[in-house]
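Chain by chain, the residues run as shown.
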Amino acid sequence: MINLKGRLEKVASMAGRCSKPADIGTDHAYLPIYLVQSGMCPMAIATDIKKGPLRKAEKNIIKYHMQDKIELRLGDGLIPVKDDGCDVIIIAGMGGVLIRDIIEKSVDTAKNAKFIVMQPMYAEEALREFLFRNGFNITEESLAKHEGKIYPVIKAAYDGISREEENFHLHIGRRLFEQRDPLLKEFLKKRIKRQERIVQGMAKSARMKESYAKENGLLTDMKKAYDQIAW
Ligand SMILES: C[S@@+](CC[C@H](N)C(=O)[O-])C[C@H]1O[C@@H](n2cnc3c(N)ncnc32)[C@H](O)[C@@H]1O
């Protein structure tokens, strides 16, 4: 049995029981192998834009005897699963902007899924903003720790309602507060440190006056939120 830890384990648990998940940018295929092996789904589709990662995925699929349960496809984003009726789409381990672009390019496929599980490595604010503006509701969020780093895992479903979200919650997901995520305080501490560096870098530049005010405001909000977390 394949053993998933931290980040990918959290992604799998947010996908939950499903019938035909698609893992986009699968690389090693650990995630679909785990989903099938643990009985969370009967079969899965795994895609990648590059042949090298797909060869790696194929080796692992053979190693775990999953050839008749996991189908591999080469292609860009959601294009290889366009008319497949996948109930769950998983896009993990990429930047938030790339995940956003993948969804935007094939938005109808994304809309038709029961939900999408996304795990951005960075720039999650760009992804959240796109989701809210384009009628995807973030129904659940959770933090996962892996090798000292903390990553958000975002679950969203299309309901057609366009939303505006405040800048602070584009950066630090609202659901993390509502769900009292146990890693939130630690995550905020790390984000505050990073934001301090951004603000310090901007402080000396007159050209960046407007951006400075925005980034400094975000830093203030992060510090306030940090002080208010009582769990
Ligand atoms: C860092 S790996 C993440 C692998 C795995 N999903 C994880 O979370 O551990 C990113 C993978 O996404 C693939 N990828 C990048 N852009 C892609 C795209 N537009 N469509 C499909 N796969 C893509 C890369 O080739 C790479 O194998």
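Think of each chain on its own: its residues are numbered from 1, step by step along the sequence as written. Per-residue local features are limited, in this predicted model, to residues with pLDDT of at least 70; the limit for side-chain atom pairs, both in listing and counting, is 80 or more; totals at the level of whole chains, interfaces and linings are taken over all residues. Working from all heavy atoms in the structure, the side-chain values ignore hydrogens and water.

**Details of the domain arrangement of the protein chain**
Throughout the structure description, domain borders are defined by an automatic or database domain assignment. For the protein chain, the assigned domains are domain 1 (6-170) and domain 2 (184-228). When each unit is reduced to the centre of its C-alpha atoms, the spacing between domain 1 and domain 2 is 29 Å. For this analysis, residues touch if any pair of their heavy atoms sits within 4.5 Å. Contacts between the two partners involve seven residues from domain 1 and, on the opposite side, 10 residues from domain 2. Between domain 1 and domain 2 the total buried area reaches about 830 Å² when both faces are included, carbon and sulfur atoms providing 61% of it. Take a side-chain nitrogen of Lys or Arg and a carboxyl oxygen of Asp or Glu: if they are within 4 Å of each other, that pair is a salt bridge. Here E124 and R191 are joined by a salt bridge, their closest N and O atoms 2.8 Å apart. Here a polar contact is recorded for every N or O atom pair within 3.5 Å, except that within protein the pair must consist of a potential hydrogen donor and a potential acceptor, and residues adjacent in sequence are included only if both atoms are side-chain atoms. Linking domain 1 to domain 2 there are three residue pairs in polar contact (both at pLDDT 80 or more). When residues of the side of domain 1 that touches domain 2 are traced back to their parent elements, those giving at least two are β6 (136-146) and α7 (167-171). Each of two parts loses accessible area, computed with a 1.4 Å probe, when they are put together; buried area is these two losses added. The helix and strand labels rest on DSSP assignments: H or I over at least four residues marks a helix, E over at least two residues marks a strand, and numbering proceeds from the N terminus.

**Quick look at the site of the ligand**
With respect to spatial proximity, 17 residues lie near the ligand, and among them R7, G25, D48, D76 and G77 are the closest. A distance of 3.3 Å is found between a nitrogen atom of the ligand and a backbone nitrogen or oxygen belonging to I49. Measuring from a nitrogen atom of the ligand, one finds a side-chain N or O atom of D76 at 2.8 Å. When the ligand is considered free in solution it has 600 Å² of accessible area, and contact with the protein chains removes 82% of it. Any residue that is not Ala, Val, Leu, Ile, Met, Phe, Trp, Tyr, Cys, Pro, Asp, Glu, Lys or Arg is counted as polar, Gly included; the first ten are nonpolar and the last four charged. Each residue belonging to the shell around the ligand can be placed in one class, and the counts come to seven nonpolar, six polar and four charged. Put simply, a residue is near a molecule or strand once any heavy atom of it comes within 4 Å of that molecule or strand. Areas reported as accessible are Shrake-Rupley estimates using a 1.4 Å probe. Residue values count occlusion only from the protein chains shown.

**Topic: the side chain of H169**
With respect to the element layout, H169 can be found in helix α7. Not counting residues within four places of it along the chain, the set of residues in contact with H169 comprises R128, R174 and F177.

**So, unusual backbone geometry**
In this model, A29 sits at a positive phi of 65°, which is unusual for a non-glycine residue. Considering the arrangement of structural elements, one finds A29 in the loop between β1 (21-24) and α2 (30-37). Classification of residues uses two cut-offs on accessible area relative to the type maximum, computed with a 1.4 Å probe and protein chains only: under 20% is buried, over 50% is exposed, and between them is partly exposed. A29 gets classed as buried once you look at its relative accessible area, which sits at 0%. Of note in the backbone geometry, E147 takes a positive phi value of approximately 45° without being a glycine. Residue placement: E147 occurs in the loop between β6 and β7 (149-158).

**Quick notes on the pattern of salt bridges**
Scanning the entire structure with this criterion turns up 18 salt bridges. With a closest N to O distance of 2.7 Å, D159 and R163 form a salt bridge. Among the residues examined, D159 registers a relative accessible area of 34% and is labelled partly exposed. Under the relative-accessibility criterion, R163 is labelled partly exposed at 21%.

**So, the packing of helix α1 (residues 6-15) against α2**
Working convention: axes come from line fits to C-alpha atoms, limited for helices to the stretch in contact. Angles between N-to-C directions cover 0 to 180 degrees. Here α1 crosses α2 at 50°, and the two axes come no closer than 10 Å. As far as their axial angle goes, α2 and α1 are oblique. Handedness of the α1/α2 crossing: right-handed. Between α1 and α2, the contacting residues are L8, V11, A12 and A15 on the first element and Y30, L31, Y34 and L35 on the second. Throughout, the term roughly parallel applies to angles under 35 degrees, roughly antiparallel to angles over 145, roughly perpendicular to angles from 65 to 115, and oblique to all others. By convention, the crossing between two helices is left-handed when the near helix turns anticlockwise from the far helix through less than a right angle, and right-handed when the turn is clockwise.

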